[in-house]
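Here is how the chains run, residue by residue.
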Amino acid sequence: VQAQDMPDMWTKAAGNNTTHPGLKWFRDAKFGLFIHWGLYSKLGGRWKDSSYYGSGEWLMNRAKAPAGEYAAVAKTFNPQGFNAEEWAQTARDAGVRYLVITAKHHEGFSMYDSKVTDFDIVDASPYGKDPMKALSRACREKGIPFGFYYSQFLDWHEPDGGGNTWDFPKDKKDYQQYYRSKSVPQLKELLTNYGPLGLVWFDMPGGLTPEQTRQMIDSLRILQPSCLFSSRVGHNLGDYRDFGDSEVPPVPIPGAWESIYTHNDSWGYIEHDLNFKSPGEIIRLLSNVASKGGNLMLNVGPDGNGKWPAYSIAYLKATGRWLDIYGESIYGTTYGLIPAQPWGVTTSKPGKLYLHVWEMPTGRQLRVPGINARVKSVKILGSRQPLTWKQSTAATTIQLPVTLPDTRNTVLVMEYSGTQQ
Ligand SMILES: C[C@@H]1O[C@@H](Oc2ccc([N+](=O)[O-])cc2)[C@@H](O)[C@H](O)[C@@H]1O
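Just so it is clear, the model here is predicted, and its values are computed rather than measured.

### A look at the pattern of salt bridges
A side chain of one charge can pair with a side chain of the opposite charge if their charged atoms are brought near each other.
Then, number 1: A complete count under the given rule lists 16 salt bridges for this structure.
Then, number 2: Among the ionic pairs, Lys48 bridges to Glu69, the shortest N-O distance being 2.3 Å. Note that Lys48 is positioned in the loop between β2 (46-47) and β3 (50-51) and Glu69 in helix α5 (residues 67-71), a separation of 21 residues in sequence.
Then, number 3: Given a relative accessible area of 62%, Lys48 falls into the exposed group.
Then, number 4: Of the residues examined, Glu69 reaches a relative accessible area of 37% and is grouped as partly exposed.

### Some thoughts on the nonpolar core
Then, number 1: If you look at the biggest cluster of nonpolar residues, it comprises 92 residues, and the most contacted ones within it are Leu33, Trp47, Leu99, Ile101, Leu135, Phe148 and Met216.
Then, number 2: Of the residues that make up this core, three or more belong to each of domain 1 (3-329) and domain 2 (336-417).
Then, number 3: Aside from chain neighbours lying at most four places away, what touches Leu33 is Ala91, Val96, Tyr98, Leu99, Val100, Met297, Leu298, Val300, Trp308 and Leu316.

### What about the domain arrangement of the chain?
Then, number 1: Taken domain by domain, the chain comprises domain 1 (3-329) and domain 2 (336-417).
Then, number 2: Look at where the C-alpha atoms of domain 1 and domain 2 centre, and you get two points 36 Å apart.
Then, number 3: Between domain 1 and domain 2, the residue contacts involve 13 residues of the former and 18 residues of the latter.
Then, number 4: Interface of domain 1 and domain 2: buried area, both sides summed, is about 1,400 Å²; carbon and sulfur atoms make up 55% of it.
Then, number 5: Considering only the side of domain 1, the residues that lose the most area to domain 2 are Arg284, Tyr326 and Glu328, jointly responsible for 45% of the buried surface there.

### Thoughts on the packing of helix α6 (residues 84-94) against helix α11 (residues 310-326)
Then, number 1: Packing of α6 against α11 leaves a shortest axis separation of 6 Å and a crossing angle of 45 degrees. As judged from the angle between their axes, α6 and α11 are oblique. In this structure, α6 contributes Thr90, Asp93 and Ala94 to the contact, and α11 contributes Ile313, Leu316, Lys317, Thr319, Gly320, Arg321 and Leu323.
Then, number 2: A breakdown of the residues in the contact of α6 with α11 according to their chemical character gives four nonpolar, three polar and three charged.

### Structural notes on the confidence of the model for the chain
Should pLDDT be low for a region, the predicted coordinates there are not to be read in detail.
Then, number 1: A residue-level look at the chain finds 96% of positions with pLDDT of 70 or above and a mean pLDDT of 95.
Then, number 2: Listed scores for the predicted complex are pTM 0.96 and ipTM 0.98.

### Regarding helix α10 (residues 279-290)
Then, number 1: With 12 residues, α10 ought to run about 16 Å at 1.5 Å a step, and its terminal C-alpha atoms sit 16 Å apart, in line with that.
Then, number 2: Most of α10 is tucked away: 10 of the 12 residues are buried.
Then, number 3: Within the span of α10, buried status applies to Pro279, Gly280, Ile282, Ile283, Leu285, Leu286, Ser287, Asn288, Val289 and Ala290.

### Notes on the sheet that holds strand β18 (residues 410-417)
Then, number 1: A sheet is described by the order of its strands in space; here five strands give the open sequence β11-β12-β13-β18-β15, paired in antiparallel fashion. With partners counted over all chains shown, the strands left at the sheet margins are β11 (334-335) and β15 (374-380), one partner each.
Then, number 2: In terms of strand pairing, strand β12 (residues 344-349) meets strand β13 (residues 352-357) through six bridges, oriented antiparallel. If you follow Thr346 over to β13, its bridge partner there is Leu355.
Then, number 3: Packing of α10 onto the sheet brings it into contact with β11, β12 and β13, and relative to β12 it is tilted by some 55 degrees.

### Here's the deal with the environment of Ala373
Then, number 1: Looking at where Ala373 falls in the secondary structure, it is placed in the loop between β14 (365-369) and β15.
Then, number 2: Relative accessible area serves as the criterion here: at 3%, Ala373 is assigned to the buried category.
Then, number 3: C-alpha of Ala373 to C-alpha of Ser110: the two residues are 263 residues apart in sequence and 54 Å apart in space.
Then, number 4: Once residues within four sequence positions are removed from consideration, Ala373 is found in contact with Gln391, Tyr416, Ser417, Gly418, Thr419 and Gln420.

### Looking at the sheet that holds strand β6 (residues 199-202)
Then, number 1: Reading across from one edge, β7-β6-β5-β4-β1-β10-β9-β8 is the order of the eight strands in this open sheet, with parallel pairing throughout. Sheet topology places β7 (228-229) and β8 (241-245) at the edges, where each strand pairs with a single neighbour.
Then, number 2: In terms of strand pairing, strand β1 (residues 31-35) meets strand β4 (residues 99-104) through three bridges, oriented parallel. From the neighbouring strand, Ile35 faces β4, where its bridge partner is Ile101.

Calculation rules
- Residues numbered from 1 in each chain as written.
- Predicted model: local features only at pLDDT ≥ 70, side-chain atom pairs only at ≥ 80, totals over all residues.
- Heavy atoms only, no water.
- Salt bridge = Lys/Arg side-chain N within 4 Å of Asp/Glu carboxyl O.
- Helix = DSSP H or I, 4+ residues; strand = E, 2+ residues; numbered from the N terminus.
- Buried < 20%, exposed > 50% of the residue type's maximum accessible area, 1.4 Å probe, protein only.
- Core = buried A, V, L, I, M, F, W, Y, C linked by side-chain atoms within 4.5 Å.
- Domains from an automatic or database assignment.
- Contact = heavy atoms within 4.5 Å.
- Buried area = accessible area lost by both parts, 1.4 Å probe.
- Axes fitted to C-alpha atoms, helices over the stretch in contact; angles between N-to-C directions.
- Parallel < 35°, antiparallel > 145°, perpendicular 65-115°, else oblique.
- Nonpolar A, V, L, I, M, F, W, Y, C, P; charged D, E, K, R; others polar.
- pLDDT = per-residue confidence, 0-100.
- Expected span 1.5 Å × (residues − 1).
- Pairing = 2+ DSSP bridges.

The following block contains the structure:
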């Protein structure tokens, strides 16, 4: 099954700006960290005597909480446990190569020091400091490209913002006014006050025509021309493509794109959600997405005190230890030369095919069909131990050792000469 046989929903390119200078670092990064943090993190899926499961960041909407009442949560939002250095170091240990955090989500609360509204962490909460200043600096010091998620249209706090129709009648909403008075001015603050940004991650467009969206983008681009804009800016005007939540395309997709996943079942912190993906699941998801040519951005939802769930810290660090050994088969690669196989998937670099072995094949004979370039060597990545193989036109068969060093995913590197037709 080739990309050209797939429905447009998978193959439609991200945007038409394939020459954007930021695409190189982005495509080589392969693994990013998403952080959803806001007032919903303190609520942890509970509103009054009801508790909600999944999408904790949508609590206000699901509970149809009156905007005024919900805003009062800020008065007791005081994440004294927040430590930017610790967050950035854990991201580093996890092996992620970029970090994106929610500056403002649909609830409308700004998790940074905004001069555009008082409904922000400095003016409306006892915390009184700007965590994004510290985090953007800590990431810069560790060489981790830093970016902001910004809900440019949905804003349940604002009468003219998108989405809140339980407090503010839809037909009275003036979206242009909301963009002029809050959305665009805040985006300019984020692109001005936190140093060079790797990307801005927009979400769920609305209320703007393609022309108005282009004008907004142009007015933001001049502030940071090398900053990438994600596809949910709308109207196909983004620089790279984001698929729907928790989606991986079934076949390799050309161009720059990203799959986004929660670590458990929610983007925002939910106290009673312990359905965390194991290190093995994360490692296989990462290699699966890379085998299709894309990036994986995995989410963490810190709690109201600014602490990451213990499972997220432990499982991300375990993933980082795997990448310490096998990172060469992920960073800077593109999709494999052959489709997914019963034993796993492949990624590639010029002259190298990385075989991500998830399952030990029967008889320890790993069958690799369709390689018509001349195989020169096959080794287990990270070990100098050469493996024996036989190449025929139908397939190359590799003799595997009795045990694989990593039952979650052991990567073999097959070096070949000539080009794969
Ligand atoms: C990352 C997530 O993004 C959006 O949810 C979406 C948006 C778009 C799609 N989509 O296009 O399929 C699916 C979920 C947000 O509503 C959600 O809270 C979270 O931030």
